[in-house]
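Analysis of the macromolecular model
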Amino acid sequence: TNGTALLGPDAHEGTDTEDRGTDAASLEAIVAVTQALVPSVTTDLAIKTYAANRPASTETSRLRRDPAVPNLVHVTNRSSGVSCSPAVADLATELIGEIGIDVADRIDAVRRLPALRRLRDDPEPETLTDIDQRYAQVVCACEQVTAAEIAAALSSPVPARSIEGVRKRTRATGGRCQGALCSAGVSFLCSMHLGLAPEDVRVGSDRATIGVGRVG
């Protein structure tokens, strides 16, 4: 939907919690199995490679009430969490209801996020500034993301709270330069909307920040 494709992932058992490096053999294997499905896939325009760690238990899936803690429901899945999440959510709701917690739908529940016009694919981009002058400020050149789109991501019903949150909603910092050009602008807008000093703006996790500080 955003013009790029993600190949992978694979998974390897490991014990080194600090090892987040990629290796050529694993990358080549991912490309090979992808090309078996789509022969035209090439890495000529690859933007980046990455690896990460995640905890894994011997139990593949766990979806049940805790036998010792009455108000605790375990919801874990080793691999297929994204694809099975809608069904898991329904069952988890039933389990929570069995505990005695009210799981009725809220009257003011947000069921659909408002559509946002985007400079990159809008059929009439010249009219966007009539809606919001910030459409004239292109913050991310690679993905053609404007200040208006970033502001909308930071103030939507499910708002972004980090630079990674902005990237996932708008593609800003996710293009060819990987944020080398636009990280400053994105972090500045995050700082304004979140009421944080620039050095306190999170990249993604609770501990990772943009890596700047005050002078003097």
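The following refers to the structure shown.

What counts, and at which threshold
Residues numbered from 1 in each chain as written. Predicted model: local features only at pLDDT ≥ 70, side-chain atom pairs only at ≥ 80, totals over all residues. Heavy atoms only, no water. Helix = DSSP H or I, 4+ residues; strand = E, 2+ residues; numbered from the N terminus. Expected span 1.5 Å × (residues − 1). Bend = angle between axes of the 7 residues up to and from the residue. Axes fitted to C-alpha atoms, helices over the stretch in contact; angles between N-to-C directions. Parallel < 35°, antiparallel > 145°, perpendicular 65-115°, else oblique. Left-handed = near helix turned anticlockwise from the far one by under 90°. Contact = heavy atoms within 4.5 Å. Nonpolar A, V, L, I, M, F, W, Y, C, P; charged D, E, K, R; others polar. Core = buried A, V, L, I, M, F, W, Y, C linked by side-chain atoms within 4.5 Å. Buried < 20%, exposed > 50% of the residue type's maximum accessible area, 1.4 Å probe, protein only. Salt bridge = Lys/Arg side-chain N within 4 Å of Asp/Glu carboxyl O.

Here we look at helix α2 (residues 81-99)
An ideal rise of 1.5 Å per residue puts 27 Å on 19 residues; α2 reaches only 24 Å between its terminal C-alpha atoms. The sharpest bend along α2 reaches about 40° and sits at Ala87. Positive backbone phi, approximately 110°, marks Gly100, located one or two places after α2.

Describing the packing of helix α4 (residues 147-155) against helix α6 (residues 183-194)
Their axes nearest at 10 Å, the elements α4 and α6 cross at an angle of 45°. One way to sum up the angle between α4 and α6 is to call them oblique. When you trace α4 past α6, the crossing you get is right-handed. In this structure, α4 contributes Ala147, Ile150, Ala151 and Leu154 to the contact, and α6 contributes Val186, Leu189, Cys190 and His193. Split into classes, the residues belonging to the contact of α4 with α6 amount to 7 nonpolar, 1 polar and no charged.

Observations concerning the nonpolar core
Judged by nonpolar contacts, the single largest core of 16 residues is most densely connected at Val139, Ile150, Leu154, Val166, Ala172, Val186 and Cys190. Of all the elements in the fold, those that place two or more residues in this core are β3 (138-140), α4, α5 (163-170) and α6. Take this core: its biggest share by element is 4 residues, from α6. What Val186 contacts, discounting residues up to four positions off in sequence, is Val139, Ile150, Ile163, Val166, Ala172 and Thr173.

Details of the pattern of salt bridges
Under the criterion given, the structure shown has 11 salt bridges. For Arg62, the salt bridge identified is with Glu59, shortest N-O distance 3.0 Å. Between Glu143 and Arg171 there is a salt bridge, with the nearest N and O atoms lying 3.6 Å from each other. A residue pair is termed long-range when its members are at least 10 positions apart, and Glu143 in the loop between β3 and β4 (145-146) and Arg171 in the loop between α5 and α6 qualify at 28 residues. When salt bridges with common partners are traced through the structure, they connect Glu59, Arg62 and Arg64 into a single cluster.

Focus: the environment of Ala104
Among the structural elements, Ala104 can be located in the loop between α2 and α3 (128-131). Separated by 11 residues in the primary sequence, Ala104 and Thr93 place their C-alpha atoms 9.4 Å from one another.

Here we look at α6
Across its 12 residues, α6 extends 16 Å between first and last C-alpha, which sits within 8% of the 16 Å expected from 1.5 Å per residue. For α6, the set of buried residues is Val186, Ser187, Leu189, Cys190, Ser191 and Leu194. On its buried face, α6 sits against β3, α4 and α5. Following α6 by one or two positions, Gly195 has its phi on the positive side, about 70°.

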